[in-house]
Amino acid sequence: MRLNNSGMNRRDFLKAGGAGTLAVALGASGVYSLGGITKTLAAAPGNNPTSGFGGYGPLVKDPNGILDLPRGFHYKIISKTGDKMSNGDLVPAMLDGMAAYRGEKNTTILVRNHENSTNSQYPVNGKNPWSKGAAGGTTALVVGSNREVIQEYVTSSGTIRNCAGGSTTWGTWLTCEETREFGHGFVFEVNPLDPENEMSKTPIRDMGYFSHEACAVDPATGIWYLTEDASPSFLYRFTPNDRTQTLGSLQKGGKLEALAIDELPASKASSFEKGQKFGVVWKEINPERAQQDAKDKGCIQFSRLEGAFFSAGVFWFDDTSAGDGSLGRVYRYFPATNTLELFYESTDKNDLEMPDNICMSPWGDLWIAEDGGGNDRIIGLTPEGKVYTFAENTLNGSEFAGPAFSPDGNTFFVNIQTPGITFAIWGPFARRNSARQRAMGHAAPPAGLGPIVSGKVASLAEEQGMSILEAAALERHGMPIL
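In what follows, the accompanying structure is described. Quantities reported herein were computed from a predicted structural model and do not represent experimental measurements. (Residues numbered from 1 in each chain as written. Predicted model: local features only at pLDDT ≥ 70, side-chain atom pairs only at ≥ 80, totals over all residues. Heavy atoms only, no water.)

Either a parallel or an antiparallel arrangement is found when strands of a sheet pair, and the pairing is made through backbone hydrogen bonds. With antiparallel pairing, three strands are arranged side by side in an open sheet as β10-β11-β12. The open sheet is flanked by β10 (162-167) and β12 (187-190), the only strands paired with a single partner. Put simply, the sheet's adjacent strands are angled 30° from each other on average, direction ignored. Across four bridges, β10 lies against strand β11 (residues 173-177) in antiparallel orientation. Of the residues in β11, the one forming a bridge with glycine 166 is leucine 174. (Pairing = 2+ DSSP bridges. Helix = DSSP H or I, 4+ residues; strand = E, 2+ residues; numbered from the N terminus. Axes fitted to C-alpha atoms, helices over the stretch in contact; angles between N-to-C directions.)

We now examine empty space enclosed by the protein. In this approach, a probe sized like a water molecule rolls over the atoms, and the result shows the empty space that is left. Taken as a whole, this structure holds two cavities of 30 Å³ or more when the rule is applied. Estimates place the volume of the second largest cavity at around 30 Å³. Of the residues belonging to the lining of the second largest cavity, the class tally is five nonpolar, three polar and two charged. (1 Å grid on protein atoms, 1.4 Å probe; cavity = no way out; pocket = protein on both sides within 12 Å on 5 of 7 lines; lining within 4 Å. Points joined across faces, edges and corners; volume = space filled by probe spheres on them. Nonpolar A, V, L, I, M, F, W, Y, C, P; charged D, E, K, R; others polar.)

Relative to the helices and strands, threonine 337 is located in the loop between β20 (329-334) and β21 (339-345). A relative accessible area of 13% means that threonine 337 is categorised as buried. Reaching out from threonine 337, the side chain makes a polar contact with the side chain of threonine 339 at a distance of 2.8 Å. (Buried < 20%, exposed > 50% of the residue type's maximum accessible area, 1.4 Å probe, protein only. Polar contact = N/O pair within 3.5 Å; in protein donor to acceptor, adjacent residues only side chain to side chain.)

A word on unusual backbone geometry. For residues other than glycine, phi is negative in most cases, and the peptide bonds are mostly trans. Put simply, serine 231 and proline 232 share a cis peptide bond, and its omega is 0°. Following threonine 418, the chain continues into proline 419 via a peptide bond in cis, with omega recorded as 10°. Counting through the fold element by element, proline 419 comes out in the loop between β27 (412-416) and β28 (421-426). In the Ramachandran plot, glutamine 245 falls in the positive-phi region, its phi being about 55° despite a non-glycine side chain.

Strand direction decides the pairing type here: strand β4 (residues 67-70) and strand β25 (residues 387-393), joined by two bridges, are antiparallel. Bridge pairing in β25 links aspartate 68 to glutamate 392. Relative to β25, strand β24 (residues 377-381) runs antiparallel, the two sharing five bridges. Looking across to β25, one finds that arginine 377 is bridged to glutamate 392. Taking the residues between adjacent antiparallel strands as the criterion, β24 and β25 are bridged by five residues, where glycine 385 takes a positive phi near 85°.

So, on to the environment of lysine 84. Within the fold, lysine 84 resides in the loop between β5 (74-80) and β6 (95-102). Its relative accessible area of 67% is what places lysine 84 among the exposed residues. Between the C-alpha atom of lysine 84 and that of glutamate 152, which follows or precedes it by 68 residues, the distance is 8.9 Å. Ignoring any residue separated from it by four or fewer positions in sequence, one finds lysine 84 in contact with Asp89 and Leu90. (Contact = heavy atoms within 4.5 Å.)

This next bit is on the nonpolar core. Formed by 33 residues in total, the largest nonpolar core has its most connected members in Leu235, Val280, Phe315, Phe317 and Leu340. When residues of this core are assigned to their parent elements, the largest contribution, five residues, is made by helix α6 (residues 468-476). Those residues in contact with valine 280, other than ones at most four positions away along the chain, are Leu259, Ala260, Ile261, Ile300, Tyr333, Asn338, Leu340 and Leu474. (Core = buried A, V, L, I, M, F, W, Y, C linked by side-chain atoms within 4.5 Å.)

Another point: the pattern of salt bridges. Side chains bearing opposite charge may pair, as long as their charged atoms lie close to each other. Tallying each qualifying case throughout the model produces 20 salt bridges. As a salt-bridge pair, arginine 304 and glutamate 306 come within 2.7 Å of each other at their nearest N and O atoms. Note on arginine 304: relative accessible area 23%, which makes it partly exposed. Linked through salt bridges whose partners overlap, the residues forming this network are Arg289, Asp293, Asp296 and Lys297. (Salt bridge = Lys/Arg side-chain N within 4 Å of Asp/Glu carboxyl O.)

What follows is about α6. Within α6, seven of the nine residues are buried, which leaves the element mostly enclosed by the surrounding structure. Among all positions in α6, only Ile468, Leu469, Glu470, Ala471, Ala472, Ala473 and Leu474 are buried.

In this model, the largest pocket occupies a volume close to 960 Å³. With six residues, the single largest contributor to the lining of the largest pocket is β6. Tallied by class, the residues present in the lining of the largest pocket amount to 23 nonpolar, 14 polar and two charged.

Our focus in this paragraph is the packing of aromatic side chains. Within the structure shown, the criterion is met by 34 aromatic pairs. Between the aromatic rings of tyrosine 56 and tyrosine 388, the centroid separation amounts to 6.3 Å while the plane-to-plane angle is 85°, which identifies the pairing as edge-to-face. Residue tyrosine 56 is located in the loop between β2 (37-41) and β3 (59-60), and its partner tyrosine 388 is located in strand β25; the two are separated by 332 residues in the primary sequence. Each member of the pair, tyrosine 56 together with tyrosine 388, is buried. Aromatic pair tryptophan 363 and tryptophan 367: ring centres 5.6 Å apart, planes at 80°, arrangement edge-to-face. Neither tryptophan 363 nor tryptophan 367 differs from the other in exposure class; each is buried. A cation over an aromatic ring shows up here: arginine 205 above the ring of phenylalanine 186, its NZ or CZ 4.7 Å from the ring centre. (Phe/Tyr/Trp six-rings, centres within 6.5 Å; stacked < 30°, edge-to-face > 60°. Lys NZ or Arg CZ within 6 Å of the ring centre and 35° of its normal.)

Attention now moves to the sheet that holds strand β22 (residues 355-360). Pairing within the open sheet is antiparallel, and its six strands lie in the order β3-β4-β25-β24-β23-β22. Each of the sheet's edge strands pairs with one partner strand only, and the pair in question is β3 and β22. In this structure, β3 lies alongside β4, joined through two bridges in antiparallel fashion. Paired with valine 60 across the bridge in β4 is leucine 69.

Following this line, the structure appears as structure tokens:
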């Protein structure tokens, strides 16, 4: 859209652009609690590509006491810590972030992180490590159409606390070090088709030296968004010098920024309302001292950021210990309008407890892996405002990690971090639905689970042309209420 009308203000832009407006951002039906007043939002006509999908029903108790799933679904353990890989090494410990790629002859290639530190009974034993004293790294599994592992091997080694990461658009995996110890704390690019090459041991320094968690790329721009697992933590974006999205492009450097709240320039503020107008901005920071620089420049301090996923023009991320009960929040960010929204704020651990890794299902539900107390679950959120549990770890209290769907959408892969199990799960999954994926980006939160906002914040949202979710995000992070 071309904006050449000097009289167009921020409210008009949001109304014209659509992604940040109340009508579109809250287009699906939902309920908000506004200072004790219930406000119902009607569904927009023709904006509901499915009818009432709400999950797969109650879970069935697993007679093996490992993984409860809905009726009709099955699982297979395809890899366990301590088992032999195809090259004779043992499967490393601390299974974490993961991604799935299309392989030859209808196979799926999984790339899997191992969050080992410097000592481990089951380290990643690579032949070309970055640091010989480090036990972390990544492995790959080539999985056949029958969900049997054909090959399993090391793809990178010599790193520390490889927690999560993100898939590139060109078929590689960015593995992130969740540490700032022993000179570690970087992002590395891993090519499962060329394991343990020099690139896998070359830190992408301009993506920052900090306690990385996850990252995701906007395929439309080539810009990366990165979360930080620390307290406090910050949300970063990395703009590569080379945005061709090709092998080796990230190693050419770029600019690192952190998210902040600041007064908007006059050109972005409504000319009809008095007073200051605040919104999110990005501040450039020194990648070698990213966290301290972000703190010094007054950027948004989150509690402890975790999962990240980009889908249909929307960047999703979560803050695992945020909120009054430290149960977690889920945010979404719209690059097209530079809009941050607080989508989901848990107040009951039965609904959601400490969200960690996230992914978008092929049919358009957001899936969240928990890392809380008790038995962790995979929680699904739908564009129609429903919440459901898809899986529950009944083996132990370890977290779920690395949720990822096969390229054909027929198999869901996920890890239980300890004792270290990778599962393949299949059953009557819904069909791929790109329309629902887009709808999820603009849906209202599940009824009763959206952020509670005061009447004052709701009024401010209306005055400034914001969605309630945008006003809630800014208010939670210190925007002056004028």
